[in-house]
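Next come the chains, spelled out residue by residue.
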Amino acid sequence: YDPSVLGKAKSLTPTIYKKVGDLFRERFVYAGWAHSLLFVAELPSFRDVLPDDVVAEMDEWREAEMAKKAKEKKAKMKKKAKT
């Protein structure tokens, strides 16, 4: 956090947005590259070039997220049925 960037700003104006972006890029030089790499890794056409352990970890995470969402949906429906 850098108070000189946000100061007492009450909203995210274009000027504040640019200052925050510049600060982020200054501190995290490879952030855009890493984000792009993670995005590309999710594309089906690139799965076969990823290491097997990475693909397995991604699949496990996806399955866990789907199970979590299904559980939340079931709980929501159960709660809704009670009312």
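What counts, and where the lines are drawn
- Numbers given to residues run from 1 along each chain, matching the order in which its sequence is written.
- Whole-chain, interface and lining totals are the exception, using all residues; otherwise, since this is a predicted model, local features are given only for residues with pLDDT of at least 70 and side-chain atom pairs are given and counted only at 80 or more.
- Hydrogen atoms and water are omitted, and side-chain values are computed over all heavy atoms in the structure.
- Secondary structure counts use DSSP, requiring at least four H or I residues in a row for a helix and at least two E residues in a row for a strand, with both numbered from the N terminus.
- Multiplying 1.5 Å by the helix residue count minus one yields the expected span of that helix.
- Under the scheme applied here, a residue whose accessible area is under 20% of the maximum for its type counts as buried, over 50% as exposed, and between as partly exposed, the area being computed with a 1.4 Å probe on protein chains only.
- Think of a patch as exposed residues, more than 30% relative accessible area, with no salt bridge, where like charges cluster within 9 Å and nonpolar side chains (Val, Leu, Ile, Met, Phe, Trp, Tyr) cluster within 5 Å.
- All accessible areas in this document rest on Shrake-Rupley with a 1.4 Å probe, and a residue is counted as covered only by the protein chains that are shown.
- When a carboxyl oxygen of Asp or Glu is within 4 Å of a side-chain nitrogen of Lys or Arg, the pair counts as a salt bridge.
- Charged residues are defined narrowly, with Lys and Arg counted positive, Asp and Glu counted negative, and His plus the chain ends left uncounted.
- Where a charge sits is defined by one atom per residue type, namely NZ (Lys), CZ (Arg), CG (Asp) or CD (Glu).

1. Considering helix α4 (residues 52-82)
Argument step 1. In a regular helix each residue adds 1.5 Å, so 31 residues correspond to 45 Å; α4 covers 45 Å between its end C-alpha atoms and thus fits that length.
Argument step 2. Counted residue by residue, α4 has 2 buried out of 31 residues, so it is predominantly exposed.

2. Quick word on a negative patch on the surface
Argument step 1. Together, Asp 52, Asp 53, Glu 57, Glu 60 and Glu 63 give the surface a local cluster of negative charge.
Argument step 2. Along the chain, the position of Glu 63 falls in helix α4.
Argument step 3. Residue class for Glu 63 comes out exposed when judged on its relative accessible area of 57%.

3. Let's talk about the environment of Gly 7
Argument step 1. Within the secondary structure layout, Gly 7 lies in the loop between α1 (3-6) and α2 (14-27).
Argument step 2. A residue is classified by how much of its surface remains accessible, and Gly 7, at 44% relative accessible area, is partly exposed.
Argument step 3. In the structure, Gly 7 is positioned 64 residues away from Lys 71 in sequence and 42 Å away in space, judged by C-alpha atoms.

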